[in-house]
Amino acid sequence: MRAKNVRALGAAVVLVFAGTTLAGGTGSGGPGTVTDGPSSYTYFGAGTNGRAVWVPGGLVSGSQLFESWWFYRASNQSREYSFAQGVPNTTNYTGNVATFTGDESDANVADGDEQAGLTWTMTWTVTSGDIAQLQSTLSVTNTTDEPITLNMFHYGDVDLNGNLSDSAFVNGNGDIIIQDTGSPGVSIAYAAQNASSFQIEVQDDLLELLNDDGITNLDNQNNVTDPADFSAGFQWVDVILQPGETEDFVIGFSIIPAPGAAALFGLAGLSGVRRRRS
């Protein structure tokens, strides 16, 4: 288990790495920040398991996010892999959108596994307003001349109001709703477009499953019974990409201002839809 620090950041995030204040720009796997009014998203850079800060502003204070990243497993692979192993080829921070790109065709894979011939673009869009939101869209392209069957995963470690003792349930739309007993008037909805399954685990147990040497399939179980520091994820099962085809996957974290709204919140709150392109 990793040690985790409770974050108490203000509505505007300004982080300093090696003496450099981060803002918009382009780099190779580097950290940066995008903003929309009082809302902001900061990515901590290469090799951090998607370590990030999301400050929605408004109804909640400080950062609501510890980590959030995408993983995959091709049918000819014996384990899951983090996209770019946390090291994007490029990172761009413009306005309210962070854009990362990468290539899995030369990824460092386990002995006996074949590399997946994939290129990808990942965006993180932060929006403020009545329902502040952080949305990520991952566009994956098959660059080979053969079909590829993928299992896709998104992992998220959310800490509502920086609290490490939250609870969660899955509503009728399949969204994971995170609640904090200290903030009964607000929730966070963690939603995924057209996902096949989910799983909720204590602390970073799910991340460890995705990073170990075996195959993981999410079990549609909430394995956290009491308020705790937990993480969660979604899986898309057996997605077939034809040569040259691109598939989009979309997740979102949304601040829900009333407990009753959390039960009703659905993916209509996300601006993207999962779509396939040739």
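These figures come from a predicted structure and were not determined experimentally.

Q: Sorry if this is basic, but what is going on with the side chain of Asn151 here?
A: Within the secondary structure, Asn151 is located in strand β13 (residues 148–158). Here Asp238 takes part through its side chain, which lies 3.2 Å from a polar atom of the side chain of Asn151. Among residues more than four places away in sequence, those in contact with Asn151 are Phe71, Tyr72, Arg73, Asn217, Gln235, Trp236, Val237 and Asp238.

Q: What's the story with the environment of Thr181 in this structure? I'm lost.
A: Of note, Thr181 is situated in the loop between β15 (176–179) and β16 (187–192). Judged by relative accessible area, Thr181 falls into the exposed class, the value being 66%. Each C-alpha atom of the pair Thr181 and Pro227 lies 8.5 Å from the other, and the pair is 46 residues apart in sequence.

Q: Which parts of the structure should I look at to understand the sheet that holds strand β5 (residues 39–43)?
A: Paired through their backbone hydrogen bonds, the strands of a sheet run either parallel or antiparallel. With antiparallel pairing, 3 strands are arranged side by side in an open sheet as β4-β5-β6. Of all strands in the sheet, those with a lone pairing partner are β4 (32–36) and β6 (52–55), marking the two edges. Averaged over all pairs of adjacent strands, the angle between strand axes in this sheet comes to 5°, irrespective of strand direction. Taken together, the 5 bridges between β4 and β5 define a ladder with antiparallel strand orientation. Across the sheet, Thr35 pairs through a bridge with Ser40, a residue of β5.

Q: Explain the pairing of β6 to me, please; I cannot follow it from the model alone.
A: For a regular strand, side-chain orientation follows a simple rule: the groups alternate between the two sheet faces. Residues Ala52 and Trp54 line one face of β6 and the alternating positions Val53 and Val55 line the opposite face, and both faces are buried. Note: β5 against β6, 4 bridges, orientation antiparallel. The residue bridging Thr42 from the neighbouring strand is Val53, located in β6.

Cut-offs used in this document
Residues numbered from 1 in each chain as written. Predicted model: local features only at pLDDT ≥ 70, side-chain atom pairs only at ≥ 80, totals over all residues. Heavy atoms only, no water. Helix = DSSP H or I, 4+ residues; strand = E, 2+ residues; numbered from the N terminus. Polar contact = N/O pair within 3.5 Å; in protein donor to acceptor, adjacent residues only side chain to side chain. Contact = heavy atoms within 4.5 Å. Buried < 20%, exposed > 50% of the residue type's maximum accessible area, 1.4 Å probe, protein only. Pairing = 2+ DSSP bridges. Axes fitted to C-alpha atoms, helices over the stretch in contact; angles between N-to-C directions.

Limitation: the analysis is restricted to geometry and does not speak to function.
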